[in-house]
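Coordinate analysis (summary)
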Amino acid sequence: MSPSAPAPARKGMIIDRDGLQSLLDRLSARGFDVIGPTVRDGAIIYDRISSVDVMPEGWTDDQDAARYRLARRSDMALFGYAVGPHSWRRFLQPPEERLWQATRQQVGLTIHTTAVPSAPYAFIGVRACELRAISIQDRVFLEGPHPDRRYAERRRGAFIVAVNCTEAGGTCFCASMGSGPRAADGFDLALTELIDANGHRFLLEVGTDAGAASVEDLPSRDADAGALVAAEEATARAAAGMRRKMATAGLKELLQANPEHPHWSEVAERCLACANCTLVCPTCFCSTVADYTDLRGHEADRVRRWDSCFAADFSSIHGGPVRASRRARYRQWMSHKLAHWIDQFDISGCVGCGRCITWCPVGIDITVEAAAIRAAPPRPAAGEGDDDGNA
Amino acid sequence: MAVRDRPTLAVWKFASCDGCQLSLLDCEESLLTLAGQLDIAYFVEASSAFRAGPYDLSLVEGSITTAADAERIRSVRACSHRLVTIGACATAGGIQGLRNFADVRDFVAAVYASPEYIRTLATSTPIAAHVPVDFELRGCPIDKHQLLEVISAFLARRKPDLPEDSVCTSCKRAGIPCVMVTHGTPCLGPVTHAGCGALCPAYARGCYGCFGPAEQANTASLSRAWNALGTDRRTLHRAFRSFNAAADPFRMESEAHADPDHPR
């Protein structure tokens, strides 16, 4: 759904803060591992929550390139912030997990597969851009000839409570990526937080049968027309308030036609190759697998952990890394995200969440870098040497 | 495995504080397992019982700061099948590498009552500047889990799994929000080799660079970001002048922020 187009008439119910607590209680009682936003270490992160009391009530975040600060709001909004340093990926595709363990026996080995924890996740406060990111990771991990069984198990059981954005964060550009700020699908329940003369309340919409079952007999009232209009206006305001924009028309062709553009070298002057952008990105999916043995040689673990295309080991083959320079690595990441991803998965790898901009320690801004490549004509190929030793 | 079949281990000390050797003794319950798998043939800090080489695995702590040690490391190399250097002194020259930026005779005169007894080299250099090294384990001090990984890998004849990622990678995997971005704390993490498990950022401190430069460390760009956070030239100069001051990327960056009146 286009974020600028008027949404179809919707209906829903209204719950208040206590109603939200009842929903959390029900999900816990049904055996869900309830994960939601909470304040820790100066940021709003995702972790286990059992109560509305630990949610970021009255907090917001002030974000810009390389800058994130918590700030107090003038109201007591529970979802009055944009996305933080964590994404739901850390639960669906954990940063590090043991896949199996082998134990040496008198004859041969026994192999124990490490089970995925049995309690399904309930995610509270999933933004529209994050729903898109999850749907992209679904394509990566679940489609094709080799679905990822562990991702599938975690994903299958997950219950998703989306939250429509009513304010744009400082680095958001989901509207131009067509992925927000309103959640179109992919949720069990969706909330829109409303704070106005009629009080502090949530418009609750049902997306699935599981969602409907979870709110049966929940203390609520029917949504009146005023609440529906207020929700529409709030998400439209968020879309209109976005300061950043990605011009997507022809972007794939532009990047694929300009592997030698001088701007790649300019970015490489600033890029730290620290991998932060890839590790905060909600769609980046790369991992590596390592085997460990103990001192006695009796046990071995196979571990999978997040990896990044900014690491030398990532592209190392006999003779060294394929992408030896920061220039080659940044170009690989950005052009994969915005261009080759479309060839590979039929969708852009960018959802416009702005995390790579906020969490880059030197503030490299993917929207600005893409615009720079669009704006400046490449120098003639003659005299434009490749300083990587790899084209 | 019969006792006579165990590979032999030797632990050597050069110019250092002994902290990295202590990391080995600090392995607690793993130390007994280790002693069952390796024949500890030479480890002065642990035992006065020595046996002659050759040794299957030598762990070398410390840097080369004397002519005698420059000779001794050759004999250690000659009697070691595998030689692994441990810690910032052995891999980068250590804190004593600060002499590389000054005249060591001034230090000797300032510190010792009878400087005429001191025979020392003008520089502190890593072991790899003198003899071939099979593996370098970073850190000031080293991380004991990484040391056990190196030894386990040696015993299993596999490559140690110790990636050259930045400290940022450790923060992100651990879910620690970036200290530079969330509270403007200058941090060396983006240019520092992983291995400590992001110990300082986990306590809301910036990274001090104990594990030395990461691969592709862009120290100039990080320095500009520190400047933007309000860090002055002198602080930047000192940030890159610690345990890994003599490692090339850190050395060059500290020199770029040297006092114009005292340009070292």
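Now for a look at the structure at hand. (Residues numbered from 1 in each chain as written. Chains lettered and ligands numbered in written order. Predicted model: local features only at pLDDT ≥ 70, side-chain atom pairs only at ≥ 80, totals over all residues. Heavy atoms only, no water.)

**Remarks on the overall build of chain A**
What chain A contains, in helices and strands, is 13 helices and 16 strands. Relative to a compact globule of 391 residues, whose C-alpha radius of gyration would be 21 Å, chain A shows 23 Å and is just as compact. Considering only C-alpha atoms, chain A reaches an extent of 70 × 65 × 40 Å along its principal axes. The proportion of buried residues among the 391 residues of chain A is 56%. Pairs at least 24 residues apart make up 72% of the contacts formed inside chain A by residues separated by at least 6 positions. Counting every atom, chain A has about 16,500 Å² of accessible surface; 52% of that belongs to carbon and sulfur. (Helix = DSSP H or I, 4+ residues; strand = E, 2+ residues; numbered from the N terminus. Rg over C-alpha atoms; globule rule 2.2 N^0.38 Å. Buried < 20%, exposed > 50% of the residue type's maximum accessible area, 1.4 Å probe, protein only. Contact = heavy atoms within 4.5 Å. Areas by Shrake-Rupley, 256 points an atom, 1.4 Å probe, with all protein chains shown as cover.)

**Quick notes on the nonpolar core**
All names here are of chain A. Residues Leu20, Phe79, Trp333, Met334 and Ile366 are the most contacted members of the largest nonpolar core, which totals 86 residues. The biggest single contributor to this core is helix α11 (residues 326-345), with 5 residues. Not counting residues up to four positions away in its chain, the partners in contact with methionine 334 are Leu255, Trp264, Ala339, Ile366, Glu369, Ala370 and Ile373. Ile35, Phe91, Leu131 and Phe141 belong to the second largest nonpolar core, which has 34 residues in total. (Core = buried A, V, L, I, M, F, W, Y, C linked by side-chain atoms within 4.5 Å.)

**Things to note about the interface of chain A and chain B**
If you look at the interface, chain A gives 45 residues, while chain B gives 38 residues. Between chain A and chain B the total buried area reaches about 3,200 Å² when both faces are included, carbon and sulfur atoms providing 53% of it. The three residues of chain A that bury the most area against chain B are Leu272, Thr293 and Leu295 of chain A, which together make up 21% of that side's buried surface. At the junction of chain A and chain B, the tally comes to 2 salt bridges. Note that glutamate 215 of chain B is salt-bridged to arginine 329 of chain A, the shortest N-O span being 2.9 Å. (Buried area = accessible area lost by both parts, 1.4 Å probe. Salt bridge = Lys/Arg side-chain N within 4 Å of Asp/Glu carboxyl O.)

**A short note on the packing of helix α9 (residues 262-270) of chain A against α11 of chain A**
Residue and element names in this part refer to chain A. Packing of α9 against α11 leaves a shortest axis separation of 8 Å and a crossing angle of 110°. Regarding the angle of α9 to α11, the classification is roughly perpendicular. Counted together, Trp264, Ser265, Val267 and Ala268 of α9 and Arg326, Arg327, Tyr330, Arg331 and Met334 of α11 form the full contact between these two elements. (Axes fitted to C-alpha atoms, helices over the stretch in contact; angles between N-to-C directions. Parallel < 35°, antiparallel > 145°, perpendicular 65-115°, else oblique.)

**Digging into the pattern of salt bridges**
All told, the structure shown has 39 salt bridges over all chains when counted by the stated rule. In this structure, lysine 13 of chain B engages aspartate 18 of chain B in a salt bridge whose closest nitrogen and oxygen atoms are separated by 2.4 Å. The exposure class of aspartate 18 of chain B is buried, given its relative accessible area of 18%. The salt bridge involving aspartate 69 of chain B is made with arginine 72 of chain B; its shortest N-O contact spans 3.1 Å. On the criterion of helical spacing, the pair formed by aspartate 69 of chain B and arginine 72 of chain B is a turn pair, its members being 3 residues apart in helix α3 (residues 67-78). Within the structure, one salt-bridge network assembled from shared partners comprises Glu97, Asp148, Arg150, Arg154 and Arg304 of chain A.

**Re the environment of proline 54 of chain B**
Residues and elements named next belong to chain B. On the secondary structure map, proline 54 appears in the loop between β2 (39-43) and β3 (55-61). A relative accessible area of 64% means that proline 54 is categorised as exposed. Separated by 23 residues in the primary sequence, proline 54 and arginine 77 have C-alpha atoms spaced 9.7 Å apart. Beyond its immediate chain neighbours, meaning those up to four positions away, proline 54 contacts Thr8 and Cys79.

**Description of the sheet that holds strand β12 (residues 221-222) of chain A**
Within a beta sheet, neighbouring strands are joined by backbone hydrogen bonds and run either parallel or antiparallel to one another. One open sheet holds the 8 strands; their spatial order is β3-β2-β8-β9-β10-β11-β1-β12 (chain A), and the pairing between them is mixed. Two strands lie at the open edges of the sheet, namely β3 (43-48) and β12 of chain A, each paired on one side alone. (Pairing = 2+ DSSP bridges.)

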